[in-house]
Amino acid sequence: MKKFLFILTSSLILSACGGDDKSADTLIENGDISAIKARKTELSQQQRDLKAEIEKLNNYIQKKEKKQAAVLVSTQKLNDTIFKHFVEVQGNVETDQNIILYPEYSGVLTEVYVNEGQQVSKGQRLAKIDDGGLSSQVAQQETQTALAKTTFERRKRLWEQKIGSEIQFLEAKANYEASLDATNQLKSQLGKTIIKAPFSGVVDNVIAEQGQVVNQGQTQVIRLVNLSDMYVKASLPENYLNNIKVGTEVSINLSSIGEEFKGTVRQVGNYINPDNRTFDVEIDIPNKTGQVKPNLIATVKVNDYTNEEAITIPENILQENSEGEAIAYLYDVKTDSTGTASRVILEIGLNYGNQIEVKSGLKDGDIVIIEGAKSVRDGQLVTTKN
C-alpha cells in the first residue's frame, strides 16, 4: 500500500511538471511577468490538490492497517460541578466616617485637647476657641432670664387670684420667653466655640495649631477617622445590572497589604453614570487589625453567574473546526489501555479560571481527552497515561 502511494505521488508530481516547457528557469528567462504569475497560481493549485490527495490516502492507510500507532494522551472523567463566573473590576476602600472638622466660630484656637493617633469617643471635646467675652454675656443673660422668670411666675400667681391686670401678666410672660430665647441663642453660640467629636474614632491629623486664628467654616482643624466601618465601592458596567443583587458573592483583594476577603454586596446603586454607563456597588470589609485604610486600591471580583450542575472542561483543550464550531475529543474505551478519539461538537457558555462551561455536547460521566487533545484526529487510536 505504501509503495502504491509513493508511485501515485511521484506520478502526480511528474505530471505536474511535464507537458509544455513551463519550468521556472525558462519563464524567468523569457521575462513574461504575466506568464510567471499564471504558472505560480497553477503550481499552487496543484500543490493544494496533491496535499488533499495525500491526506486522503493517509487516512485510508491509517484505517486499513492493522497495526495502528496509538497516541499517548491523558483523560478526565466529567462530573456535574458548580461553575461560577466572576466579573473583575477595580474598586476603592472608603468609609463614611472620614472627615475634616471645621470651626463653627471664628477666633483664636486656645486649646487642643487631643493628639494625633488618639482614640476619642463621640461627643468628646477636641478643641476650644476663644469666645471673645461671649461666656460673660451668657452669664448676664442668664441672670436677666432668672429675673424675668421670677417676675412672670409672680404675675401668674396674682393673675390666677384675679389680682392685677391681664396685660401685666402677658407682658411678664412675653419678657420671660424673649429673655429665655436670647439666653438659648447665646448658649448655642457659646457651644460652637467647643469642637466635639461627631463620632467615635481616631484623630488622624491635628491640622491647626494652638494660638492660630481660625475662621468659621474655612480653617481645617482636625481630621477624624473611624476605621471600624469600612467598605469597598466599585463601578460595574450597566449590562450586569440584572445579575448583581444585594447579597451577591464578592471576593476582594488588597494587594498593597497582602489581604484577601470574601463578602457580599450590601448595596446596589440606583443611578447609571451617563459618562461611563456604570453603576456602583458597595461591599462591607472587615478591619480587625486596622490595616485597611481609606483609599486603598481593591481588586473586586463579583459573581455575576452561577450554574449548580455544570459540565466544565479546561479551556485550553477547546478547538475549532473549519466551520468555526467548538470541538473536543472524547475517549471511547476499547481495551484496558487503549481507546479511540471521538470528536464532538460543543455549545459553550462562559469561561473563568481556565474552565469553560459546556452547555451541550458533553454529559456527566463522559471521558474527555486533556493532554494530547490537539494532536489527535477523529477515530484515531489512543492510549492513556493516567
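Everything here concerns the structure above.
In this text, all values refer to a predicted model and were calculated from it rather than measured experimentally.

How should the overall build of the protein be read in this particular structure?
If you tally the helices and strands in the protein, you get 5 helices and 22 strands. Its C-alpha atoms give the protein a radius of gyration of 43 Å, clearly above 21 Å, the size a compact globule of 386 residues would have. Summarising its shape, the C-alpha atoms of the protein cover approximately 140 × 60 × 45 Å along the three principal directions. For the protein, buried positions account for 32% of its 386 residues. Sequence-distant contacts, at least 24 apart, represent 72% of the contacts inside the protein between residues at least 6 apart.

For this particular structure, what's the right way to read the packing of aromatic side chains?
By convention here, two paired aromatic rings are described through the distance between centres and the angle between planes. One pass over the structure, following the stated rule, counts 5 aromatic pairs. The structure contains a cluster of three or more aromatic residues connected by ring pairs, namely F152, W159, F169 and Y176. R266 extends its terminal NZ or CZ atom over the ring of Y231, reaching a point 4.3 Å from the ring centre.

How do you make sense of helix α5 (residues 166-191) when you look at a structure like this?
Side chains that are three or four residues apart share a direction in an α-helix, a result of its 3.6 residues per turn. With 26 residues, α5 extends 37 Å between its outermost C-alpha atoms, agreeing within 8% with the 38 Å of an ideal straight helix rising 1.5 Å per residue. Along α5, the residues classified as buried are F169, A172, Y176, S179, T183 and L186. Where α5 is buried, its residues meet α4 (134-160).

I tried to follow unusual backbone geometry on my own but got confused; where do I start?
A negative phi angle characterises most non-glycine residues, just as the trans form characterises most peptide bonds. Positive phi values are uncommon outside glycine, yet K162 reaches one of about 65 degrees. Note on placement: K162 falls in the loop between α4 and α5.

What is the right way to look at the side chain of T193 in this model?
As for its placement among the helices and strands, T193 is situated in the loop between α5 and β8 (194-196). Of note is the side chain of T193, whose polar atom sits 2.5 Å from the backbone oxygen of L190. With residues near it in sequence (within four places) discarded, T193 still touches Y105, A127, K128, I129 and D131.

Which parts of the structure should I look at to understand the sheet that holds strand β9 (residues 201-206)?
Sheets are built from strands paired through backbone hydrogen bonds, the pairs being either parallel or antiparallel. Strand order in the open sheet made by the 4 strands is β4-β11-β9-β6, with antiparallel pairing throughout. With partners counted over all chains shown, the strands left at the sheet margins are β4 (98-101) and β6 (119-120), one partner each.

Is there a simple way to think about the packing of α4 against α5 in this case?
When two helices pack together, their arrangement is given by the angle between their axes and by how far apart the axes lie. Close contact between α4 and α5 brings their axes to 8 Å; oriented N to C, the two are set at 155 degrees. The orientation of α4 with respect to α5, classified from their angle, is roughly antiparallel. The two elements α4 and α5 meet at a crossing, and its hand is left-handed.

Would you mind going over the sheet that holds strand β7 (residues 125-129) with me for this structure?
Strand order in the open sheet formed by 4 strands is β8-β7-β5-β10, and the pairing between neighbours is antiparallel. The open sheet terminates on both sides in strands that have one partner only, identified here as β8 and β10 (213-214). Bridge analysis of strand β5 (residues 107-112) against β7 gives 3 bridges, and the strand direction is antiparallel. The residue of β7 that forms the bridge with E111 is K128.

Would you take a moment to explain the pairing of β5 for this structure?
For a regular strand, side chains alternate in direction, first toward one face of the sheet and then toward the other. Relative to β10, β5 runs antiparallel, the two being bridged by 2 bridges. Counterpart to G107 in the pairing with β10 is V214.

Before we go on, may I ask you to explain the environment of Y105 in this structure?
The residue Y105 is located in the loop between β4 and β5 in this model. Through-space distance from the C-alpha of Y105 to that of G31 is 98 Å; in sequence the pair is 74 residues apart. Filtering out sequence-adjacent residues up to four positions away, Y105 remains in contact with I129, D130, D131, L134, Q189, K192, T193, V214 and Q216. A polar contact of 3.1 Å, which involves the side chain of Y105, links it to the backbone oxygen of D131.

What am I meant to see in the pattern of salt bridges here?
Counted according to the given criterion, the structure contains 8 salt bridges. Notably, a salt bridge pairs K187 with E142, separated by 3.1 Å at the nearest N-O pair. Taken as a pair, K187 in helix α5 and E142 in helix α4 lie far apart in primary sequence, 45 residues in all. For E142, a relative accessible area of 34% translates into the label partly exposed.

I keep staring at the side chain of D304 and nothing clicks. Help me out?
Along the chain, D304 falls in strand β16 (residues 297-314). Summary of buried charges: D304 has no salt-bridge partner, and the nearest side chain of opposite charge, K84, is 11 Å away. A distance of 2.8 Å separates a polar atom in the side chain of D304 from a polar atom in the side chain of H85. Not counting chain neighbours up to four residues away, the residues in contact with D304 comprise H85, F86, V87, Y240, N243 and I244.

Any chance you could explain the environment of S256 here in plain terms?
Considering the arrangement of structural elements, one finds S256 in the loop between β13 (249-254) and β14 (259-268). Taking the C-alpha atoms as reference, S256 lies 8.8 Å from A298; in sequence the two are 42 residues apart.

Honestly, the environment of L101 in this entry has me stumped. Any pointers?
Looking at where L101 falls in the secondary structure, it is placed in strand β4. Residue L101 is classed as buried on the basis of its relative accessible area of 9%. C-alpha separation for the pair L101 and K196, spaced 95 residues apart in sequence, amounts to 8.9 Å. Ignoring any residue separated from it by four or fewer positions in sequence, one finds L101 in contact with L126, I195, K196, P198, T219, Q220, V221 and I222.

Help me understand α4 in this model?
The terminal C-alpha atoms of α4 lie 38 Å apart, and with 27 residues this matches the ideal 39 Å at 1.5 Å per residue to within 8%. Regarding α4, the residues found buried are L134, V138, Q141, T145, A148 and F152. The inward-facing, buried residues of α4 abut α5. Downstream of α4 by one or two residues, K162 has phi in the positive range, about 65 degrees.

Thresholds applied
The numbering scheme is per chain: residues are counted from 1 as the chain's sequence reads. At least 70 in pLDDT is required for a residue's local features to be given in this predicted model, at least 80 for side-chain atom pairs to be given and counted, and no such filter applies to totals for whole chains, interfaces and linings, which use all residues. The basis for every side-chain value is the complete set of heavy atoms in the structure, and neither hydrogens nor water enter the calculation. In DSSP terms, a helix is any run of H or I states spanning at least four residues, a strand is any run of E spanning at least two, and both are numbered starting from the N terminus. Radius of gyration means the value over C-alpha atoms here, while the globule rule gives 2.2 Å times the residue count to the 0.38 power. Only protein chains enter the accessibility calculation, which uses a 1.4 Å probe; a residue whose area is less than 20% of its type maximum is buried, one above 50% is exposed, and one in between is partly exposed. Contacts: residue pairs with any heavy atoms within 4.5 Å of one another. Stacked, edge-to-face and tilted are the three classes for Phe, Tyr and Trp ring pairs, Trp counted by its six-membered ring, which pair at centre distances within 6.5 Å; planes under 30 degrees apart are stacked, over 60 edge-to-face, the rest tilted. Charges are assigned to positions over rings by a cutoff of 6 Å between ring centre and Lys NZ or Arg CZ, combined with an angular limit of 35 degrees from the ring normal. Residue count minus one, scaled by 1.5 Å, sets the expected span of a helix. Polar contact criterion, stated in full: a pair of N or O atoms within 3.5 Å, where within protein one must be able to donate a hydrogen and the other to accept it, and residues adjacent in sequence count only if both atoms are side-chain atoms. When DSSP locates at least two bridges between a pair of strands, those strands are taken to pair. Think of each axis as a best-fit line through the C-alpha atoms, taken over the contacting stretch in the case of a helix, with angles from 0 to 180 degrees between the N-to-C directions. Every angle not falling under 35 degrees, over 145, or within 65 to 115 is termed oblique; those three ranges are roughly parallel, roughly antiparallel and roughly perpendicular. Crossings are assigned a handedness: left-handed for a near helix turned anticlockwise from the far helix by less than a right angle, right-handed for a clockwise turn. Between Lys or Arg on one side and Asp or Glu on the other, a salt bridge is scored when a side-chain nitrogen of the former is within 4 Å of a carboxyl oxygen of the latter. Two residue types count as positive, namely Lys and Arg, and two as negative, namely Asp and Glu; His and chain ends fall outside the count.

On their own, these measurements won't tell you what the molecule is for.
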